[in-house]
Amino acid sequence: PGGGPVRRVTILGATGSVGQSTIDLIARRPEDFAVEAVTGAGNLDLLAHDARRLGARLAVTAREECYAGLRDRLAGTGIEVAAGPSAVAEAAARPADWTMNAIVGAAGLLPGLEAIRRGGTLALANKETLVAAGRLVMATAETAGATILPVDSEHSAVFQALRGEDGREVERLILTASGGAFRDWSLDRLADATVEEASSHPNWAMGQRITIDSASMFNKALEVIEAHELFGLPASAIEVLIHPESLVHALVGFRDGALMAHLGAPDMRHAIGYALNHPTRAPLPVERLDLAAIGRLTFRAPEPDRYPALALAWRVLEEGGVMGAAFNAAKEVALDAFLARSIRFTDMASVVSRTLDRLSGDTTLPILGPDSAMPGLEDVLEADRIARRRAAEVVERMRE
Ligand code: NAD
Ligand code: MG
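Reading the values: rules and limits
- In this convention, every chain numbers its residues from 1, walking through the sequence in written order.
- Ligands are numbered from 1 and chains lettered from A, in the order in which they are written.
- Local features in this predicted model are restricted to residues of pLDDT 70 or higher, and side-chain atom pairs are both shown and tallied only at a pLDDT of 80 or more, whereas totals for entire chains, interfaces and linings draw on every residue.
- Runs of E in the DSSP output that reach at least two residues are strands. Runs of H or I that reach at least four are helices, and both are numbered from the N terminus.
- In this scheme the burial state of a residue depends on its C-beta neighbours within 10 Å: 20 or more other such atoms mean buried, 12 or fewer mean exposed, and anything in between means partly exposed; the C-beta positions come from the backbone.
- The contact criterion used here is simple: two residues whose C-beta atoms, placed from the backbone, lie within 7 Å are in contact.
- What makes two strands pair is DSSP finding at least two bridges between them.
- Note on method: axes are straight lines fitted to C-alpha atoms, helices fitted across the in-contact stretch only, with angles between N-to-C directions ranging 0 to 180 degrees.
- Note: domain ranges come from an automatic or database domain assignment.
- In the scheme used here, Gly and all other residues not listed as nonpolar or charged are polar, with Ala, Val, Leu, Ile, Met, Phe, Trp, Tyr, Cys and Pro taken as nonpolar and Asp, Glu, Lys and Arg as charged.
- When the strands point away from the viewer, a crossover counts as right-handed if the route from the first strand across the helix to the second turns clockwise.
- In this scheme, roughly parallel covers angles under 35 degrees and roughly antiparallel covers those over 145, while 65 to 115 is roughly perpendicular and the rest are oblique.
- Whether a crossing is left-handed or right-handed is set by the direction in which the near helix is turned from the far one by less than a right angle, anticlockwise for left-handed and clockwise for right-handed.

## A closer look at the overall build of the protein chain
And then number 1: A count of helices and strands for the protein chain gives 16 helices and 11 strands.
And then number 2: In terms of its C-alpha atoms, the protein chain occupies a principal-axis envelope of roughly 55 × 50 × 40 Å.
And then number 3: The proportion of buried residues among the 400 residues of the protein chain is 48%.

## Here's the deal with the environment of A326
And then number 1: Note on placement: A326 falls in helix α14 (residues 323–339).
And then number 2: Leaving out residues up to four positions away in the same chain, A326 has contacts with L356, L359, A383 and A387.

## Concerning the environment of A215
And then number 1: Relative to the helices and strands, A215 resides in helix α9 (residues 208–216).
And then number 2: Judged by C-beta crowding, with 27 C-beta atoms within 10 Å, A215 ranks as buried.
And then number 3: Along the sequence, A215 and S178 sit 37 residues apart, while their C-alpha atoms lie 8.9 Å from each other.
And then number 4: Not counting residues up to four positions away in its chain, the partners in contact with A215 are G180, A181, F182 and A198.

## Let's talk about α9
And then number 1: Among the nine residues in α9, seven count as buried, and that is most of the element.
And then number 2: Those residues of α9 that sit buried are R209, I210, I212, D213, S214, A215 and S216.
And then number 3: Packing partners of the buried residues in α9 comprise α8 (195–198), α10 (218–231), α14 and α15 (347–360).
And then number 4: Just downstream of α9 lies M217, where phi reads positive at about 75°.

## Section: the sheet that holds strand β2 (residues 33–40)
And then number 1: The seven strands lie next to each other as β4-β3-β2-β1-β5-β6-β7, forming an open sheet whose pairing is parallel. The outermost strands of the open sheet, each flanked by one partner alone, are β4 (80–83) and β7 (147–150). Averaged over neighbouring strand pairs, the angle between their axes works out to 20° when direction is ignored.
And then number 2: Alignment of β2 against strand β3 (residues 58–61), held across four bridges, turns out to be parallel. The residue of β3 that forms the bridge with T39 is V60.
And then number 3: Packing against the sheet, helix α1 (residues 17–27) makes contact with β1 (7–12), β2 and β5 (98–101), and its axis sits at approximately 160° to β1.

## Details of the domain arrangement of the protein chain
And then number 1: Segmentation of the protein chain into domains returns domain 1 (7–150), domain 2 (152–307) and domain 3 (311–400).
And then number 2: Between domain 1 and domain 3, the C-alpha centre-to-centre distance is 27 Å.
And then number 3: Contacts between the two partners involve 10 residues from domain 1 and, on the opposite side, 12 residues from domain 3.
And then number 4: The residue makeup of the side of domain 1 that touches domain 3, split by class, is six nonpolar, two polar and two charged.

## Details of the pairing of strand β6 (residues 121–124)
And then number 1: Neither face of β6 is open: one carries T121 and A123, the other L122 and L124, and all of them are buried.
And then number 2: Pairing of β5 with β6, which is carried by four bridges, proceeds in the parallel orientation. Pairing of W98 across the sheet is with T121, part of β6.
And then number 3: By the bridge criterion, four bridges tie β6 to β7 in an arrangement that is parallel. Each residue of the ladder has a partner; that of L122, found in β7, is I148.
And then number 4: Running through helix α6 (residues 127–144), the crossover from β6 to the neighbouring parallel element β7 is right-handed.

## Here we look at the packing of α6 against α10
And then number 1: α10 packs onto α6 with a crossing angle of 20° between their chain directions and a minimal axis gap of 8 Å. Classified by the interaxial angle, the pair formed by α6 and α10 is roughly parallel. Crossing angle aside, the handedness with which α6 passes α10 is left-handed. Two secondary-structure elements touch here, α6 through K127, E128, L130, V131, G134, R135 and M138 and α10 through L222, E223, I225, E226, E229 and L230.

What follows is the structure in structure tokens.
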């Protein structure tokens, strides 16, 4: 970086929390980057603003009905405009050296796959992609010669701790979790937790969905599956540890008992910047830790009663096949129902676990079992659809 060739980059989900942190880093070094495409959804002012200031060639909104609004905002700039989910996927397929996938939810899967098929480097913040279709995503990258760099802070930490190591010598991975908004609440208060209370994170500023998923620990359940898919470790070798300070992001344990930890301020620009500069390291505008001032770091085991969502990750890995896709889809439905105030905070884990119970015995669900053949894209999409239907039924029954 600095004086090297200009790299062509695309940012999917540019208007979100990770997308904005990515743009912050790119905009500081205009001589190093040329922006091919930026995509967003309903936030047209911000999308148009960033497309202009970055000099993007293409701006895309995922919402068809927002086409005219985006076109009008970019009139006279020469920036191409498009709308709709397939336009987002087409943007991802356009030539670029580096693509950030910071779309939230299962909507990130198809654009992410397009970017992988086209080759180059995919910086992957959209963990749902790996949860829903990890084997397919990794195999597609292998075939296309694409490089996937994890952007989730824990997975970036593991990736960095593994650099220069022999993966066969890894004994375990430890992902840390802040414990989320309700880590110190009494258990009997949890059922009454509101959307507003769940939407405020003690350490990280993030999108609303992942913030609520952090409070419920669904986020960490997704991350356990994500770690399994990225690093190929069995479910039994992945652990979760509550670490309220969010300064140690993950640890890798080796067969000689050594633990390599990654520390940094809770700022996504660490992980994004690592992926942006990989394989080199460049200066980043992040806080430097003053460990003497911090004084102490604390750790504790997650309480199963407080975080019933967490254990579902190991169940999903055990059942294998398309269960990850079903799990993510059911989680999205449960979260939507909580956001709509249709169910309580503590109902989300019940909705997902009941949905999984129904799917475990469902012979219409394609491909189950840890040793089953790799699910194809159609299997994944079908499992997603079936799980959304079943989860919606569970929500309905719960409301009656
Ligand atoms: P966000 O809600 O702030 O932003 C989401 C982005 O996706 C926005 O640009 C939005 O316009 C776009 N989007 C929404 N719906 C879409 C759709 N249907 N089709 C296409 N685009 C759509 O989310 P975020 O917090 O930035 O998280 C993005 C992803 O990164 C998520 O998968 C999240 O789990 C992951 N992640 C986020 C953080 C964080 O610090 N925010 C940390 C680790 C991982
Ligand atoms: Mg994370």
